[in-house]
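Chain by chain, the residues run as shown.
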Amino acid sequence: MDNFYSVLIILLAAAIKSGTPILYATLGEIITERSGVLNLGLEGIMLIGAFSGFIGTFYFENPYLGIIVAIVCGIFIGIVYSIFCISLRANQIVAGLVMVILGMGVSSYLGKDMIGKTITGLNPVSLPYLSSIPFLGAVLFNADILIYFSYIIVIITGVLLYKTKAGLIIRFVGDNPVASDTIGIDVIKVRYICVITGCILTSIGGAYLSIVYTHIFIENMTSGRGWIAIALVIFSSWDPYKAFLGAYLFGGINAVQLRIQAIGTNISPFILNMLPYIFTILVLIIASSKRFKYSLSAPGSLGIPFDVRP
Amino acid sequence: MVLTTVLEIKNITKKFPDVIACNNISFSLNRAEVHSLLGENGAGKTTLMNILSGRIKPDSGNIYIDTESGCEPLLQKININSPRDAHKYGIGMVYQHFMLVENLTVFENVIFSLKNLPFLIYRKDIIKKIEEISREYNLEVELDRKIYELSVGEQQKVEILKVLISEAKILILDEPTSILTPMETKKLFLIINKLKANGHSIIFISHKLNEVLQISDRISVLKKGKLVATLTISDVNKETLSALMFDEKIEPIHTPPYSNRGLEQNRIEKSIVINNLTLKNIRNVTSVKNFNLKIKRGEIFGLAGVSGNGQDEIAKALFGLTKIEDGEILINYENISNNSTSDIIKKAVTLIPPDRIKTGCVSDCTVTENVLLRFYKSNSFSRFNFIKKKESEVFTEKLIKDYKVVCSGTRIPLSHLSGGNIQKLILARELATKPSVIIAVNPTHGLDLASSNFIHQLLIDSSNHNITIFLISEDLDEILAISNRFGVIFKGELMGIFNNENIDIKKIGNLMLGIKNDQALI
Amino acid sequence: MIKLSFKRRTDQSKFIHIKILFFSILFSLFITGLLFYASGFNPFYVYKEIIRGAFFSKHALTEVIVKTSPLILCSLSVCFAAIMMLWNIGAEGQLYIGAFFASFIALKLEWIPSELKLPLMFLAGFCGGALWALIPALLKIISNVNDIISTLLLNYIAILFVNYFIYGPWKGKDGFPYTHFFPGDCHLPLFFDSRIHLGVFLSLIIAVIVYIVINKTTFGYEMKIIGCNKEAALYAGMDITKNIVIVMLISGGIAGICGMFEVSGIIHRLQPDISSSYGYTGIIIAWLCKRKIGLIILVSFLFGAMEVGGDAMQITMHIPAAIVRIFEAALLFSILGLEIFSNYILTFQRENR
């Protein structure tokens, strides 16, 4: 029984670790989409985050500086994406796909020298008091700083969206930008801020992969996590708290799958590797099915550029 | 009382790609005055007001406002670059198409207009403030309901509430009565008078002569982007105003009583029979319940009601566009309940949809492609599944000619046509299918009088050719103008059926609000 | 203060699209040039090498043509679905499954008469792609699952699925991750003493067929109307569900055929990485060409040249071919950004506050 208990703790901790990059990206996309902008480029942005985080850590020999480099890159991407999709009113679906291509291209091109190198990443820090809570302490509070930070971000996003003026403004802009404009909200500004915030969080999610999760950089290392994050946004019906659950659920599947591979079974790793994607599609089916259709709170103007005024 | 000017606009001009919406317009507003802007649809009223509320920038011209800075009223030139500026100068607008966020509550929609809204929102203090205002002006609405749950009348209250909370001194009401019943209009006028008494200045935009005469102190008439005249209420009557509004003398078609018009024997024949119809709307809420109706062949049957009371769902159900939960629909004695749209089309039924841009046509496609929408499968326009291009072009040209649709060619995108011409084209196309039943939903909504008359005449002619017309309209005047009989719908229930003779408008208005007995509303 | 703002155009500028394209190409050449310069190369020299690598020999030119074929097919696949506003981001996965099905015929069904093998492989390729595209179509119909995400996630699954066979049951005798070579009767005939195979010509024929279906038939008309305005399509009595299924089947089928051509025409066996992101490049080309089939062929050729030139550059100068992706992204971004000028003009306004 003790054995089972310890395995469970390891699994759950692994689930959180594996879910964290997706949690960041999902939260980022929730903020972005709540303001009415669709950013399908998460996969590319995460790659750039992973790459820039890695290179920052490598050169400065400090994972914290690596994270800051990733954040700066996130800001930069956010500004570029905003200029195209908000100011120049580009098609957001195409722009997102191009962002993916750009992320793949840039990270592979510039990262060619980084492949095969390793870094010392972030180490877990046990939180005093909290980590001594039986079971929960070992699962939740024996992790690295970025995981703690993600807990905080979930709460901040939730409170911001539902309890504050700023959140109300974001929801206004996302649902009906024209009405928001008539009551004096600067739609363009709000959307810029949300997109840039979203890109920062996504970039941190990518950086987590290289700095904390693997300590290496390889081409296309996100392997679809950006897309899974987009699916989780739909699953969570744009709610940060549900995104929290969704990301860890995904992390759990991934952790179990990796665990099975590690124990060594007859099941091919290729089949096991499919599980997260299949799981994501199943989740999408449930989330999009008609029964839930009208409880979904997709922002009304999602994906539609704001055409300033008539 | 000394009249003080609070707002003045001078020589405002605004050009759009195809029209000059405002041509050198000057206009002023006094304190505690109701100044009406009267003009046809498309005369430029709304554009002018959008300039004032900061949504549109004028090409030239200036705006002056009384800033109340000194003891002497002083008009100061201002720039309104955004709605925020308009707010700052105390100008609030109640839009015709409400500017509300449907998925949020009344409370959330309203509080933004508060000056100094704190970052963390404490409900209690704010609610107190809102309730004060809503009580004073009879604008009580439940604050926790979502906007989409409200009737249009209630939504308008929210809009007015929003403007009042923002402490605006100048209120612009854009066609506020177009969605109201006669009784609700009266209530609105009471509110306006109270606002006036409290020192607010109001710009009232309308195309309805009677209402303007009732409420205004001064009236400015707009025609094709030009300000024709500004007159004091004592100087005008209906005739002078109408002469100013229209180029030539055109009157709306209005020739009841119709109920006896050509009542031949075959009129006993029923064309549409609806039994116990129950429908759900797109939010999956039952919006029509146990609805019964019989419409005779060749009559124009009107269905009056405030928008959002189930009319759209009934029209959709008749055309196979929504699932019938319960009950049945017979057309020409054939049960068409839950048949597919293409099957219903085959039974010579046709629909003129409420939203001509969204449903009735494909604005990115060419005129010919839009005409083909009804005919692409027929043998005259396709062979072995290949479309006959030439025949379609010729046919389209003929329709354009026959129905006097103004357009520069058959291959231009439909979006280049004006609203009136698009509606004419849709009607032309539908009539060309040789229907036996036409369901027309708000067919003249937003059109100028000439186009409306043209369409009304076409409908009357069709009914004279024994085509049944089910006219569903939010515009009671339209129904009274051309229908033989009409019903009133409220919350998906039929409140009564009337022959279009000696109608007591007050009673109909009450029925539209769900009030059955003769109790007075106010 | 001077403020920039966009104003709706009153006139339609005729050459605006060409101008946009021209500026975009210049812009993206500039961006990639900067990257070359930063990595210590003379950009002009690199560009010269790319052009030389793509056009200046018979071998290079035929290679470009060989690369053009899958790009045409994948863009047709994406374009076909896009007309109905369906986003088939899954051409890549459909290509793999098509290749897998075709390989199944070639490797496992040796009893089939020789002359029937190629037609059957063609059919199998189509069916494979079509089946794989049927999944997102059904998901969309039954529970309204977003087609972008579902088609994309299925790419990962498809590639893992094919890899499972390559690394597992179908692994060749020498233990490397690829299957045996197909028997000779499963190879598409070659022409001009080069790698140009029958599939290259077939893809042109498929392009013509797609053109006719889209522009001349009632089916194409329905697709267009549904794509432009769903409500109007319903109102006209069109069966959207049926059309979604048919369109996705054909769209996936075309991508599947592409996979069959790759394995049967070029590689002659099933292995990982049979596609160098043709499915994704196809999306770009389809979007650039906006439903114009003739343009798709031309642009596919240019992109094919870029791929071949990029490979040559990688070999001779050791610059990663990923730079081609960056060039594509820069090109698309600048076209996306500049498109606004086809409807708007930029105005400078002096504001006096």
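**What to know about the confidence of the model for chain B**
All names here are of chain B.
- Here chain B averages 84 in pLDDT, while 93% of its residues score no lower than 70.
- Within chain B, no element has a lower average pLDDT than strand 5 (residues 75-78), which sits at 80, and none a higher one than strand 19 (residues 437-441), at 93.
- In the predicted complex, the global pTM is 0.88; the interface-specific ipTM is 0.86.

**A look at the packing of helix 6 (residues 145-163) of chain A against helix 9 (residues 187-214) of chain A**
Residue and element names in this part refer to chain A.
- Axis separation between helix 6 and helix 9 bottoms out at 11 Å; the angle between their running directions is 160°. Taken as axis vectors, helix 6 and helix 9 run roughly antiparallel relative to one another. For helix 6 against helix 9, the interelement crossing comes out left-handed. Residues Leu146, Ile147, Phe149 and Ile153 of helix 6 form the contact with helix 9, whose own contacting residues are Leu201, Ile204, Tyr208 and Val212.
- For the contact of helix 6 with helix 9, a count of residues per class yields 8 nonpolar, no polar and no charged.

**A short note on the pairing of strand 7 (residues 170-174) of chain B**
All names here are of chain B.
- Counting buried positions along strand 7 yields 5 of 5 residues, so the element is predominantly enclosed.
- Burial along strand 7 is two-sided: Ile170, Ile172 and Asp174 and Leu171 and Leu173, pointing in opposite directions, are all buried.
- Inspection of the sheet shows strand 6 (residues 91-94) paired to strand 7 by 4 bridges, in the parallel sense. From the neighbouring strand, Met93 faces strand 7, where its bridge partner is Ile172.

**Some points on the sheet that holds strand 19 of chain B**
All names here are of chain B.
- In space, the 6 strands of this open sheet follow the order 16-19-20-13-21-22, with mixed pairing throughout. Here the strands that pair on one side only, and so sit at the sheet edges, are strand 16 (349-352) and strand 22 (493-499). On average, each strand axis in the sheet is inclined to that of its neighbour by 15°, with strand direction left out of account.
- Inspection of the sheet shows strand 13 (residues 300-304) paired to strand 21 (residues 485-490) by 4 bridges, in the parallel sense. In the sheet register, Phe301 faces strand 21, and the bridge partner there is Arg485.
- Of the strands in this sheet, strand 16 and strand 19 touch helix 14 (residues 419-432), which is tilted by about 175° from strand 16.

**Observations concerning the pattern of salt bridges**
- Applying the stated criterion to the full structure yields 25 salt bridges over all chains.
- The partner of Arg411 of chain B in a salt bridge is Glu393 of chain B, with the nearest N and O atoms 3.3 Å apart. Residue Arg411 of chain B is found in the loop between helix 13 (389-402) and helix 14, and its partner Glu393 of chain B is found in helix 13; the two are separated by 18 residues along the sequence.
- Looking at Arg411 of chain B, the relative accessible area reads 65%, which means it is exposed.
- The residue Glu307 of chain C makes a salt bridge to Arg325 of chain C at a minimum N-O spacing of 2.9 Å.

**Re the nonpolar core**
- One finds Trp227 of chain A together with Ile314, Ile439 and Phe470 of chain B to be the most contacted residues of the largest nonpolar core, which totals 347 residues.
- Tallying contributions element by element places helix 9 of chain A first for this core, with 15 residues.
- Those residues in contact with Trp227 of chain A, other than ones at most four positions away along the chain, are Leu40, Glu43, Leu97 and Val100 of chain A together with Ile148, Ile149, Leu152, Leu153 and Tyr156 of chain C.
- Listed in part, the 30 residues of the second largest apolar core include Val6, Cys22, Phe27 and Leu37 of chain B.

**Some remarks on unusual backbone geometry**
All names here are of chain B.
- Despite not being glycine, Glu175 has its phi angle at roughly 40°, a positive value.
- Along the chain, Glu175 falls in the loop between strand 7 and helix 6 (182-197).
- We classify Glu175 as buried; its relative accessible area is 5%.
- With a phi close to 45°, Asn276 is a non-glycine residue in the positive phi region.
- Relative to the helices and strands, Asn276 is located in strand 11 (residues 270-280).
- Take Asn276: its relative accessible area is 39%, and that puts it in the partly exposed class.

**Re the sheet that holds strand 3 (residues 34-38) of chain B**
All names here are of chain B.
- Spatially, the 6 strands line up as an open sheet ordered 6-7-8-3-9-10, and their pairing is mixed. Two strands in the sheet have a free side with no partner beyond their single neighbour: strand 6 and strand 10 (226-232). Averaged over all adjacent pairs, the angle separating strand axes in this sheet is 20°, with direction ignored.
- As paired elements, strand 3 and strand 9 (residues 218-223) share 4 bridges and run parallel to each other. Bridge pairing links Leu37 to Ser220 in strand 9.
- Seen against the sheet, helix 5 (residues 152-165) touches strand 6 and strand 7 and runs at an angle of roughly 175° to strand 6.
- Its contacts with the sheet place helix 8 (residues 238-245) against strand 3, strand 9 and strand 10, and it is angled at close to 30° to strand 9.

**Some thoughts on the interface of chain C and chain A**
- Residue-level contacts link 44 residues of chain C with 45 residues of chain A.
- Across the chain C/chain A interface, buried area totals approximately 3900 Å², and carbon plus sulfur atoms make up 84% of it.
- The tally of links from chain C across to chain A stands at 3 residue pairs in polar contact (both at pLDDT 80 or more).

**What to know about the interface of chain B and chain A**
- At the junction of the two partners, chain B supplies 28 residues and chain A supplies 22 residues.
- Here chain B and chain A share an interface that buries about 2300 Å² over both sides, 66% of which is from carbon and sulfur atoms.
- The three residues of chain B that bury the most area against chain A are Arg55, Phe112 and Phe119 of chain B, which together make up 28% of that side's buried surface.
- If you look at where chain B meets chain A, you find 2 salt bridges.
- The shortest N-O distance in the salt bridge between Arg171 of chain A and Glu108 of chain B comes to 3.1 Å.

**Overview of helix 3 (residues 63-87) of chain A**
- Its 25 residues give helix 3 of chain A an end-to-end C-alpha distance of 35 Å, which sits within 8% of 36 Å, the value for a rise of 1.5 Å per residue.
- Taken together, the buried positions of helix 3 of chain A are occupied by Pro63, Gly66, Ile67, Ala70, Gly74, Ile77, Gly78, Tyr81, Ser82, Phe84, Cys85 and Ile86 of chain A.
- Among the structural elements, helix 2 (42-60), helix 4 (92-110), helix 6 and helix 9 of chain A together with helix 13 (322-338) of chain C are those in contact with the buried residues of helix 3 of chain A.
- Of the residues flanking the end of helix 3 of chain A, it is Arg89 of chain A, one or two places downstream, whose phi is positive at about 55°.

**Focus on the pairing of strand 22 of chain B**
Residue and element names in this part refer to chain B.
- Examined bridge by bridge, strand 21 and strand 22 share 6 bridges and lie antiparallel to one another. Across the sheet, residue Phe486 finds its bridge partner in strand 22, namely Phe498.
- In textbook terms, the turn of a hairpin is the stretch between consecutive antiparallel strands, and for strand 21 and strand 22 this stretch comprises 2 residues, one of which, Lys491, has a positive phi near 45°.

About the criteria used
- Residues numbered from 1 in each chain as written.
- Chains lettered and ligands numbered in written order.
- Predicted model: local features only at pLDDT ≥ 70, side-chain atom pairs only at ≥ 80, totals over all residues.
- Heavy atoms only, no water.
- pLDDT = per-residue confidence, 0-100.
- Helix = DSSP H or I, 4+ residues; strand = E, 2+ residues; numbered from the N terminus.
- Axes fitted to C-alpha atoms, helices over the stretch in contact; angles between N-to-C directions.
- Parallel < 35°, antiparallel > 145°, perpendicular 65-115°, else oblique.
- Left-handed = near helix turned anticlockwise from the far one by under 90°.
- Contact = heavy atoms within 4.5 Å.
- Nonpolar A, V, L, I, M, F, W, Y, C, P; charged D, E, K, R; others polar.
- Buried < 20%, exposed > 50% of the residue type's maximum accessible area, 1.4 Å probe, protein only.
- Pairing = 2+ DSSP bridges.
- Salt bridge = Lys/Arg side-chain N within 4 Å of Asp/Glu carboxyl O.
- Core = buried A, V, L, I, M, F, W, Y, C linked by side-chain atoms within 4.5 Å.
- Buried area = accessible area lost by both parts, 1.4 Å probe.
- Polar contact = N/O pair within 3.5 Å; in protein donor to acceptor, adjacent residues only side chain to side chain.
- Expected span 1.5 Å × (residues − 1).

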